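# Close look at the chain arrangement
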Amino acid sequence: MSSGGRYKSLKGMQDILPPEIYLWQSVERTAREVFTSFGFQEVRVPVAESTELFIRSIGENTDIVEKEMYTFNDKAGRSMTLRPEGTASVVRCYIQNNLSNLPSPQKFYYSGPMFRYERPQAGRLRQFYQIGVEAFGSAEPEMDAEVISMLRHTLTKIGLDDIVFQINSIGCEECRTGYRKSLVEYFSGTLDNLCDDCRRRYSVNPLRILDCKVSRCAELRTGAPVITGHLCTSCRTHFDKLLSLLDLLHVAYQIKPDMVRGLDYYTGTIFEVTDQSLGAQNAVAAGGRYDRLVREFGGPETPAVGFAIGMERIIELLKRSRATAVRGPDVFIAAVGDAGQRESFLMADSLRASGFWIETGHAGNSLKSQMRKADRLSSAYVFVLGDEEIHAGRMTWKRLSDAANGTISMNEAADFLLKNRS
Ligand code: HAM
């Protein structure tokens, strides 16, 4: 099909249409159900925030902040940014609305579009959707385990098999002070070969070199020291306890000592779920603990942990294993004559009120052409309503999948559809 029209959607931003939208809706429904069973409640936060909110949380030297933010000045000259992720906004919301006064832990979920000015490719968009969760107020490894196990349940219920978590701990500030030193030492010999960004990061935040996407930097970091060797006793104990809880719950994981994640706010546990078949953009969900962010934003000392699922990548995986079935109306009511037209209009109205998807034909068109239209719309059933039917109070039904047919009393229409719902 040629794509017409004068305007195109912006690069990296896409329309989501039927029938694929049904997969989206089903994933969203499943996530909501699972989250609810774990006591997570929905919050809706704005898609834009003050730019500083993201710089202070995600980190000045991250790719997201350095290269990928949609930042504008509003008409009053204030800098605002389309959210590149949800955690910073939810933390702001938690503090602003005094949610810390409620009994902890407070557990929230959210969903919606995020914006990152990245180079678009398969599974990487500039407007993409996340479903995320954030749990505030518990520093215990049980909460990490609960959140990870909830993600596993969600992905399994959605229909993804063999979920394996990649997991690591990047420790607390204390662990990282020592680690930073050993990184600086390690990279000091190869500094000239790092990319410009990493040369800068070397002095301000050497951990970020571990997350650089430039292949030269990736090569140079093979053999770099890993954080695991620098964990303090309390971080080590937390991580070990978490692993034993995951064992208890039979959650499959691989420890990835070199994993760092691309956002600065993490402390302690970090994790990702990847799917190798997705190619380079293979993380379908990711998250971790961020025990300092609420405090840094001016709230009370509040440990927190969460994750976000990347919708486009989940849908891509589902599309491979599941046909995206075209959906059509429950019934197409074909009308014959003026009385038939009137009656079909009435019946459609009452069946729609009972929740059925009803389309109606036009008595001005032949019955044959109305049947063709019902077929094109992929209607499950056709009812035929004309003078004779109205007079007798009975109408003909036809099932389009196998041409089965019969008659029913007109006032049994809703019962008939309920009984025969596919
Ligand atoms: P993130 O790793 O930046 O973490 O993103 C989470 C997920 O969003 C990724 O695993 C991926 O599936 C999806 N994603 C990210 N960027 C894109 C893109 N350009 N196109 C398509 N999908 C993308 C966060 O955003 C954290 N806020 C997660 C979190 C919540 N940590 C604690 N709480």
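See above for the structure.
Each residue is numbered by its place in its chain's sequence as written, counting from 1. Where totals are concerned, whole chains, interfaces and linings use all residues; where local detail is concerned, this predicted model gives features only for residues with pLDDT of at least 70, and gives and counts side-chain atom pairs only at 80 or more. Side-chain measures were taken over the full set of non-hydrogen atoms in the model, leaving aside hydrogen atoms and water.

In this section: the site of the ligand. Surveying the vicinity of the ligand reveals 26 residues, the closest of which are E85, E118, E134, Y266 and A283. R116 places a side-chain nitrogen or oxygen 2.8 Å from an oxygen atom of the ligand. Y265 has a polar side-chain atom sitting 3.0 Å from a nitrogen atom of the ligand. Computed with a 1.4 Å probe, the accessible areas rest on the Shrake-Rupley method; for each residue, only the protein chains presented here act as cover. Notes on the ligand: free accessible area 650 Å², of which the protein chains cover 96%. Under the DSSP-based scheme used, a helix requires at least four consecutive residues in state H or I and a strand at least two consecutive residues in state E, with every element numbered from the N terminus. Where the shell around the ligand is concerned, the elements lending two or more residues are β6 (127-136), β10 (283-289) and β11 (304-310). In the scheme used here, Gly and all other residues not listed as nonpolar or charged are polar, with Ala, Val, Leu, Ile, Met, Phe, Trp, Tyr, Cys and Pro taken as nonpolar and Asp, Glu, Lys and Arg as charged. Each residue belonging to the shell around the ligand can be placed in one class, and the counts come to 12 nonpolar, 7 polar and 7 charged. It suffices for a single heavy atom of a residue to lie within 4 Å of a molecule or strand for the residue to be listed as near it. Two N or O atoms count as a polar contact when they lie within 3.5 Å, although within protein this holds only if one can serve as hydrogen donor and the other as acceptor, and sequence-adjacent residues are included solely when both atoms are side-chain atoms.

Pairs were defined over the aromatic rings of Phe, Tyr and Trp, the Trp ring being its six-membered one, requiring ring centres within 6.5 Å. Orientation was assigned from the angle between planes: stacked under 30 degrees, edge-to-face over 60, tilted for the rest. Tallied over the entire structure, the rule returns 16 aromatic pairs. Geometrically, the ring pair formed by F108 and F136 is tilted, given 6.2 Å between the ring centres and 55 degrees between the ring planes. In this pair, F108 sits in strand β5 (residues 106-115) while F136 sits in strand β6, placing the two residues 28 residues apart along the sequence. Residue classification places F136 among the buried residues on the basis of a relative accessible area of 0%. Between F136 and Y290, the ring centres sit 6.4 Å apart and the planes meet at 85 degrees, which makes this aromatic pair edge-to-face. Residue F136 is located in strand β6, and its partner Y290 is located in the loop between β10 and α10 (293-296); the two are separated by 154 residues in the primary sequence. Think of it in three bands: residues with accessible area under 20% of the maximum for their type are buried, residues over 50% are exposed, and the middle band is partly exposed, with areas taken using a 1.4 Å probe on protein chains only. With a relative accessible area of 1%, Y290 lands in the buried category. One aromatic cluster in this structure is built from Y94, F108, F136, Y265, Y266 and Y290. Remark: a charge is flagged as sitting over a ring if the NZ atom of Lys or the CZ atom of Arg is within 6 Å of the ring centre and within 35 degrees of the ring normal. Its guanidinium or amino end placed over the ring of Y117, R126 lies 3.8 Å from that ring's centre, counting from NZ or CZ.

Within the open sheet, the 3 strands sit side by side as β2-β4-β3. Their pairing is antiparallel. The sheet is open, and its two edges are formed by β2 (48-50) and β3 (70-73), each paired on a single side. Ignoring which end each strand starts from, the neighbouring axes of this sheet average 35 degrees apart. At least two DSSP bridges between two strands are needed for those strands to be called paired. Relative to strand β4 (residues 79-82), β3 runs antiparallel, the two sharing 4 bridges. Across the sheet, T71 pairs through a bridge with T81, a residue of β4. Contact criterion: two residues are considered in contact whenever any of their non-hydrogen atoms come within 4.5 Å of each other. Between N-to-C directions, angles span 0 to 180 degrees; the directions come from axes that are lines fitted to C-alpha atoms, helices contributing only their stretch in contact. Along the sheet face, helix α2 (residues 51-58) touches β2, β3 and β4 and points at about 80 degrees away from the line of β2.

A word on the sheet that holds strand β16 (residues 405-409). As summarised here, the arrangement of the 5 strands in space is β13-β12-β14-β15-β16, forming an open sheet in which the pairing is mixed. Taken across any chain shown, the strands that pair with only one partner, and hence form the sheet edges, are β13 (358-360) and β16. Neighbour-to-neighbour, the strand axes of the sheet open up by a mean angle of 25 degrees, direction not taken into account. When strand β14 (residues 381-385) meets strand β15 (residues 394-399), the two strands line up antiparallel, connected through 4 bridges.

The next thing to look at is the pattern of salt bridges. Each salt bridge in this description consists of a side-chain nitrogen of Lys or Arg and a carboxyl oxygen of Asp or Glu lying within 4 Å of one another. Following the criterion strictly, the structure yields 29 salt bridges and no others. Linking E316 and R320 is a salt bridge whose minimum nitrogen-to-oxygen distance equals 3.7 Å. With E316 and R320 both in helix α11 (residues 311-321), this residue pair falls 4 residues apart, about one helical turn. Take R320: its relative accessible area is 46%, and that puts it in the partly exposed class. Here the residues in one salt-bridge network are D63, E66, K67, E68, E118, R124, D197, R200, R201 and K213, joined through shared partners.

So, on to the environment of S369. Residue placement: S369 occurs in helix α13 (residues 367-376). In sequence terms S369 and A334 are 35 residues apart; their C-alpha atoms lie 9.6 Å from each other.

Glancing now at unusual backbone geometry. Put simply, P18 and P19 share a cis peptide bond, and its omega is 0 degrees. If you trace the backbone, P19 turns up in the segment before α1 (20-37). Omega for the bond connecting S104 with P105 falls within 30 degrees of zero, at 0 degrees, which places this linkage in the cis form. Within the fold, P105 resides in the loop between α4 (87-96) and β5. Even without a glycine there, the phi angle at R261 is positive, about 75 degrees. In this fold, R261 is placed in the loop between β8 (253-255) and β9 (269-274). Located in the positive-phi region is S378, a residue other than glycine, with phi close to 60 degrees. Inspection of the secondary structure assignment puts S378 in the loop between α13 and β14.

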